[in-house]
Amino acid sequence: MTPLVECVPNFSEGRDQSKIQRIAGAVGSVEGVSLLDVDPGLDTNRTVMTFAGPPEAALEAGFRAIARAAELIDMSVHRGAHPRIGATDVFPFVPLSGVSMEDCAELARRLGKRVGDELGIPVFLYEAAASRPGRGNLADIRQGEYEGLPEKLARPEWTPDFGPARFNSKAGATVIGARPFLIAYNVNLNTRSARMANEIAASIREKGRIKRDADGNIAADADGEPLRIPGKFEAVKSVGWYMESYGRAQVSINLTDHHKTPLHLVFRECCRLAENLGARVTGSELVGLIPLDAMLEAGRYFLRLQGRTPGVPEPELVHTAVLSLGLAELGPFDANQKIIEYRMNTSQNRFSEMPLKSFIDLVSSDAPAPGGGSVSALCGAAGSALASMVAALTHGKKGYETVFPEMEAAGVQSQQLKDGFLEDALRDTEAFNRVMEAVRLPKKTDEEKKARCAALERARKEAALVPLEVMRRAGRAIDLAASVAEKGNRNSVSDAGVAASALRAAAEGAYFNVRINLPAITDENFKKTVRTESDMLLNEIRSAADKTVESVLKALDQAEKKGG
């Protein structure tokens, strides 16, 4: 995978567009970095920027942005609703692909050292990059905010990780670290009451609230430390505030690990708590970007609440999530701009987005790709789509109640396989193009010949592995086709038969494409391993398809006799 990191710096300026654009320009000045989102807030007087790129480019863009913010922002006159400690308040590195959390922590340390040495800004490391106990939590480092920095920096336990241990009145301090993907999310209330929003925030956040006795006094432990009542959700931070620009209160939430606590469960709990207080949740908003899987899980969750199957196409899941969470209440919600995977996809020729006729016309032309490998993957996508259709037509239908859970799972898995096949169609063409690129490499000198041979070997291996993955996917899909053929809606049994036949065609076509790429590969162990697995998969898929088609034909015979 291409090494990619995401950076989500927060700058203490949300009102002066010229300053915001100049900071954004510093990010965009680095080649290879994509500025994905700029989200300013008037009331918070804070801008969240999101950009991504290769590690070294992201580090350079980070330094330029922090330097520009220190030049433009004067913290001595800054006021805003959000807690903050400096001109660049926080700067996290987030692993996207091909990098580990430790890789990101090392990037944080390198950036922190440079900011401290070259800009004279005190830097504290947090989360995965934290250098000592007590600095893992951003809220702990921010405690006292900018105004409390002079006193904090004078304490030995708060010596910064990098930079001088003295107060920088203009730039403040900066917190740099590495963390998992964080979803910044606000839930909107039909009230101006910040007190209500804070009450909800205290109930849902992991840290909870301070415990009080019957007289309202703070309860403390033997060491005099306040006791706390834990909140409902792990990996959730939240506060309540009133947003004058929206004329309403919000529960402002950071989900620091959406796999531990999903977005949709937090939203539902906010709805319940607001109702208990006599208020109502009217919608919500995302600040910055969100991972696709969080939106898909939300879509499936709300479809299940409605008694509908979650085995629907990806766009429908996203649409359901947007509607159910009320993400378009305060302004249009553009999934292509807000979902990070959609923003990072720069391909302009995705077969999955091409009209069917355009794809078939392209196949029928004299262009060598897309060819049989892509068509095989398309057959797999069509077979999986049909299996999902049969599952959807079974789910919720009277008389099939006992198989609803199985059909729901089959529909969800078939949709995922369908999308995988569509990506395989593009990957197969890209793999072929890389072989052609390697063929065209220069071969005049011995060194050029050696480099060309190595490139050809890599490209031909990939060209064999892509159709092998199509076969693996077909093996999983054929089991689902067999399941819906056996237990699904009898009125759609013919569709299950077509699904099995299409998946067999996908596997056979992919097998041909594996075989044609093997002879030119010199790695004998690779060739033997791939040939053995592809032979095995072909036999298994043919056998499973034959049994499924046979059972479908029997069902059709029985229906014909019954009709007669």
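Residues numbered from 1 in each chain as written. Predicted model: local features only at pLDDT ≥ 70, side-chain atom pairs only at ≥ 80, totals over all residues. Heavy atoms only, no water.

## Some details on the overall build of the protein
A count of helices and strands for the protein gives 17 helices and 13 strands. Structurally, the protein occupies a C-alpha span of about 85 × 75 × 45 Å along its principal axes. When each of the 564 residues of the protein is scored for burial, the buried share is 50%. For the protein, the exposed surface amounts to about 26,200 Å²; the carbon and sulfur share of it is 52%. Averaging the coordinates of the 71 positive side-chain charges in the protein and doing the same for the 75 negative ones gives two points 1 Å apart. (Helix = DSSP H or I, 4+ residues; strand = E, 2+ residues; numbered from the N terminus. Buried < 20%, exposed > 50% of the residue type's maximum accessible area, 1.4 Å probe, protein only. Areas by Shrake-Rupley, 256 points an atom, 1.4 Å probe, with all protein chains shown as cover. Lys, Arg positive; Asp, Glu negative; His and termini not counted. Charge placed at Lys NZ, Arg CZ, Asp CG, Glu CD.)

## So, the sheet that holds strand β13 (residues 281-287)
The strand order across the open sheet formed by four strands is β11-β12-β8-β13, and the pairing between neighbours is antiparallel. The strands lining the two open edges of the sheet, one partner per strand, are β11 (236-243) and β13. Strand-to-strand, the axes of this sheet are offset by a mean angle of 25°, without reference to chain direction. In terms of strand pairing, β11 meets strand β12 (residues 248-255) through eight bridges, oriented antiparallel. Note on β12: the bridge partner recorded for K237 is N254. On the sheet, helix α6 (residues 194-204) packs against β8 (183-189), β11 and β12 and is oriented at approximately 175° with respect to β11. (Pairing = 2+ DSSP bridges. Axes fitted to C-alpha atoms, helices over the stretch in contact; angles between N-to-C directions. Contact = heavy atoms within 4.5 Å.)

## Here we look at the packing of aromatic side chains
Applying the stated criterion across every chain yields a total of six aromatic pairs. Relative to F93, the ring of F91 has its centre 5.2 Å away and its plane inclined at 55°; by these criteria the two rings are tilted. On the basis of relative accessible area, F91 is assigned to the buried category, the value being 0%. Take F93: its relative accessible area is 0%, and that puts it in the buried class. Ring geometry for F124 and W158: centres 5.8 Å apart, planes at 80°, overall edge-to-face. In this pair, F124 is assigned in strand β6 (residues 123-127) and W158 in the loop between α5 (149-153) and β7 (174-178), connecting sequence segments 34 residues apart. Residue class for W158 comes out buried when judged on its relative accessible area of 10%. Connected via pairs of aromatic rings, a cluster forms that spans F51, F91 and F93. Residue placement shows K461 over the ring face of F526; its charged tip is 5.1 Å from the ring centre. (Phe/Tyr/Trp six-rings, centres within 6.5 Å; stacked < 30°, edge-to-face > 60°. Lys NZ or Arg CZ within 6 Å of the ring centre and 35° of its normal.)

## Topic: the pattern of salt bridges
A complete count under the given rule lists 41 salt bridges for this structure. We note a salt bridge from E56 to R110, for which the minimum N-O separation is 2.8 Å. Of the two residues, E56 is situated in helix α2 (residues 55-72) and R110 in helix α3 (residues 101-119); the sequence distance between them amounts to 54 residues. Judged by its relative accessible area of 47%, E56 falls in the partly exposed class. Between R109 and E106 there is a salt bridge; the shortest N-O distance is 3.1 Å. (Salt bridge = Lys/Arg side-chain N within 4 Å of Asp/Glu carboxyl O.)

## As for the nonpolar core
Formed by 53 residues in total, the largest nonpolar core has its most connected members in I23, F51, F91, F93, L111, V115 and I176. A per-element tally of this core places α2 first, with ten residues. Setting aside anything within four residues of it in sequence, one finds L111 in contact with L59, G62, F63, I66, F91, F93 and I176. (Core = buried A, V, L, I, M, F, W, Y, C linked by side-chain atoms within 4.5 Å.)

## Observations regarding unusual backbone geometry
Of note, the bond from A369 into P370 is cis; its omega dihedral lies within 30 degrees of zero at 5°. Summarising the element assignment, P370 is placed in the loop between α12 (356-364) and α13 (372-394).

## Things to note about α6
Regarding α6, the residues found buried are M196, A197, I200, A201, A202 and I204. Those residues of α6 that are buried lie in contact with β8, β9 (209-210), β11, β12 and α7 (263-276).

## Things to note about the environment of Y400
With respect to the helices, strands and loops of the structure, Y400 is situated in the loop between α13 and α14 (404-439). By relative accessible area, which is 17% here, Y400 ends up buried. Placed twelve residues apart in sequence, Y400 and S388 show a C-alpha to C-alpha distance of 16 Å. Setting aside its immediate chain neighbours within four residues, Y400 contacts T394, K487, G488, N489 and R490.

## Some words on the side chain of R179
Assignment of secondary structure puts R179 in the loop between β7 and β8. Despite being buried, R179 has no salt bridge partner; E6 is the closest side chain of opposite charge, sitting 5.3 Å away. In this view, R179 contacts V8, P92, F93, V94, P95, M101, Y126 and E127; residues no more than four positions away in its chain are not counted.

## Overview of the confidence of the model for the protein
Looking at the protein as a whole, the pLDDT averages 93, with 98% of positions reaching at least 70. When the elements of the protein are averaged for pLDDT, helix α11 (residues 340-344) gives the smallest value, 80, and α7 the largest, 98. (pLDDT = per-residue confidence, 0-100.)

## Points about the environment of P150
The topology assignment puts P150 in helix α5. For the pair P150 and A165, spaced 15 residues apart in the sequence, the C-alpha separation amounts to 9.2 Å.

## As for the packing of helix α15 (residues 446-487) against helix α16 (residues 493-517)
Where α15 contacts α16, the two axes come as close as 8 Å, and the packing angle between them is 160°. Here α16 runs roughly antiparallel to α15, going by the angle between their axes. Pair α15 / α16 crosses with left-handed handedness. (Parallel < 35°, antiparallel > 145°, perpendicular 65-115°, else oblique. Left-handed = near helix turned anticlockwise from the far one by under 90°.)

## Concerning the environment of T522
Of note, T522 is situated in the loop between α16 and α17 (524-563). Side-chain polar atoms of T522 contact the side chain of E457, separated by 3.0 Å. (Polar contact = N/O pair within 3.5 Å; in protein donor to acceptor, adjacent residues only side chain to side chain.)

## Section: the side chain of S388
Mapped onto the fold, S388 is located in helix α13. The class for S388 is buried, based on a relative accessible area of 2%.

## A word on the packing of helix α8 (residues 292-305) against helix α9 (residues 314-325)
At their nearest, the axes of α8 and α9 sit 7 Å apart, and the two run at 75° to each other. Classed by the angle they form, the pair α8 and α9 counts as roughly perpendicular. Here L292, M295, L296, A298, G299, R300, F302 and L303 of α8 lie close against α9, whose contacting residues are E314, L317, V318, T320, A321, V322, S324 and L325.

## With respect to the pairing of β6
Among the five residues in β6, four count as buried, and that is most of the element. Across five bridges, the pairing between β6 and β7 is parallel. Pairing of E127 across the sheet is with A178, part of β7.

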